[in-house]
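Per-entry structural report
As a plain string of letters, each chain reads:
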Amino acid sequence: MVIPDIIIAIDGYSATGKSTLAKEIARTLGFTYLDSGAMYRAVTLFAMEKGLIKGSKVDEPALREALSSCPDIHFGEGNKAYLGERCVEKEIRSMKVSSKVSPVAALAFVRAFVDEKLHEAGSKGRVVMDGRDIGTAVFPDAQLKIFVTASDEVRARRRFDELVQKGTPTPMEEVLTNLKERDYIDSHRETNPLRQASDAFVLDNSDMTLREELTWLQGVLQGRFGILQ
Ligand code: DC
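Heads up: these notes are all about the structure in this document.

Rules behind the numbers
Residues numbered from 1 in each chain as written. Predicted model: local features only at pLDDT ≥ 70, side-chain atom pairs only at ≥ 80, totals over all residues. Heavy atoms only, no water. Helix = DSSP H or I, 4+ residues; strand = E, 2+ residues; numbered from the N terminus. Rg over C-alpha atoms; globule rule 2.2 N^0.38 Å. Buried < 20%, exposed > 50% of the residue type's maximum accessible area, 1.4 Å probe, protein only. Contact = heavy atoms within 4.5 Å. Areas by Shrake-Rupley, 256 points an atom, 1.4 Å probe, with all protein chains shown as cover. Near = heavy atom within 4 Å. Nonpolar A, V, L, I, M, F, W, Y, C, P; charged D, E, K, R; others polar. Phe/Tyr/Trp six-rings, centres within 6.5 Å; stacked < 30°, edge-to-face > 60°. Pairing = 2+ DSSP bridges. Core = buried A, V, L, I, M, F, W, Y, C linked by side-chain atoms within 4.5 Å. Axes fitted to C-alpha atoms, helices over the stretch in contact; angles between N-to-C directions.

**Here's the deal with the overall build of the chain**
- Helix and strand content of the chain: 10 helices and 10 strands.
- Taken over the C-alpha trace, the chain has a radius of gyration of 17 Å; the compact-globule value for 229 residues is 17 Å, and the two agree within 12%.
- Oriented by its inertia axes, the alpha-carbon framework of the chain measures out at about 50 × 35 × 35 Å.
- Residues counted as buried form 49% of the 229 residues belonging to the chain.
- If you take every contact in the chain between residues at least 6 apart in sequence, the share linking residues at least 24 apart comes to 74%.
- For the chain, the exposed surface amounts to about 11,300 Å²; the carbon and sulfur share of it is 51%.

This is the structure we're talking about:
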């Protein structure tokens, strides 16, 4: 079975396991995986290191100006995020960055900056891209859209475990608070807020294993494109 050059858009709330699912789908189909959140995180790290975020206040004019000389944000070996020559994969996943990323991602000029990169990377198809507005704004014509949800408790536990695994344990309460804050900002911002696309398939994976999610996806692919992996 030849797989068409489709774009698969996976959107949803923070820590719903979107990236785990997206990576696995990409691996199975031989597609490229693109983590749009990593780009927003890299821009946030860049802004933090330039001293352009004080508390939750972003110096917007200065960031707008600084972005014109922002080192290239891209994915290198092992799909790790790079800011210019520097691998920033670990730093962008830290709570320090997580706690600042939503206000930065809410800025229209930051979204335009990231969207340009996402279009460049994804327009030829054969990509699985995850984020918050991929199916609604970045690629509204994506041939397959999935909207992932899970309960707050399950999401917090997953993010908590991930932080422990990365050697940066963080109190559960802080993790949960951060998730809720980000969900709120992400879904209430003016520019391309997090929304479920009307033509998205909804996946609540609170009580599902990754294997079960993939079985679910096989059903969707089979029904939609006649693809059976
Ligand atoms: O998926 P993530 O948790 O790594 O995303 C980090 C932040 O980036 C998230 O809080 C909101 C923002 N984001 C966004 O606004 N639009 C996207 N397409 C992807 C992420």
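**Side note on the environment of Thr168**
- Locating Thr168 in the fold gives a position in the loop between helix H8 (152-165) and helix H9 (172-188).
- Separated by 110 residues in sequence, Thr168 and Val58 have C-alpha atoms that sit 25 Å apart.

**Here we look at the site of the ligand**
- Lining the immediate surroundings of the ligand are 15 residues, of which Arg41, Arg111, Arg132, Asp133 and Arg189 lie closest.
- When the free accessible area of the ligand is taken as 450 Å², the share hidden by the protein chains comes to 97%.
- Looking at the shell around the ligand residue by residue, the class counts come to four nonpolar, four polar and seven charged.

**Remarks on the packing of aromatic side chains**
- For the coordinates displayed, the defined rule picks out one aromatic pair.
- With centroids separated by 6.0 Å and ring planes inclined at 80°, the aromatic side chains of Tyr13 and Phe147 adopt a geometry described as edge-to-face. Note that Tyr13 is positioned in the loop between strand E1 (7-12) and helix H1 (18-29) and Phe147 in strand E9 (residues 144-149), a separation of 134 residues in sequence.
- Since its relative accessible area comes to 29%, Tyr13 is described here as partly exposed.
- Owing to a relative accessible area of 4%, Phe147 belongs among the buried residues under this scheme.

**Brief notes about the pairing of E9**
- Most of E9 sits out of view: six of its six residues are buried.
- Of the two faces of E9, both are covered, the one formed by Leu144, Ile146 and Val148 as well as the one formed by Lys145, Phe147 and Thr149.
- Across five bridges, the pairing between E1 and E9 is parallel. Residue Asp11 lies in a different strand from E9, and its bridge partner there is Phe147.
- Bridge count between E9 and strand E10 (residues 201-204): four bridges; the pairing is parallel. When the bridges of E10 are listed, Ile146 appears paired with Phe201.

**Quick notes on unusual backbone geometry**
- Not every positive phi belongs to a glycine, and Asn79 is a case in point at roughly 60°.
- Here Asn192, not a glycine, exhibits a phi torsion of approximately 45°, which is positive.

**Points about the nonpolar core**
- Counting residues in each nonpolar core, the largest one holds 39 residues, and the members touching the most others are Val43, Leu63, Leu67, Ile73 and Val110.
- With eight residues, helix H2 (residues 36-49) is the largest single contributor of residues to this core.
- The next biggest cluster of nonpolar side chains, apart from the first, holds 19 residues, and it includes Leu21, Ile146, Leu217 and Val220.

**As for the sheet that holds strand E5 (residues 73-75)**
- Pairing is antiparallel across the open sheet formed by three strands, whose spatial order is E5-E6-E7. A strand with exactly one partner marks an edge of an open sheet, and here the two such strands are E5 and strand E7 (86-87).
- Pairing of E5 with strand E6 (residues 81-83) involves three bridges; the strand directions are antiparallel. For Phe75, the partnering residue across the bridge sits in E6 and is Ala81.
- Strand contacts of H2: E5, E6 and E7, with the helix running at about 140° to E5, the strand carrying the most contacts.

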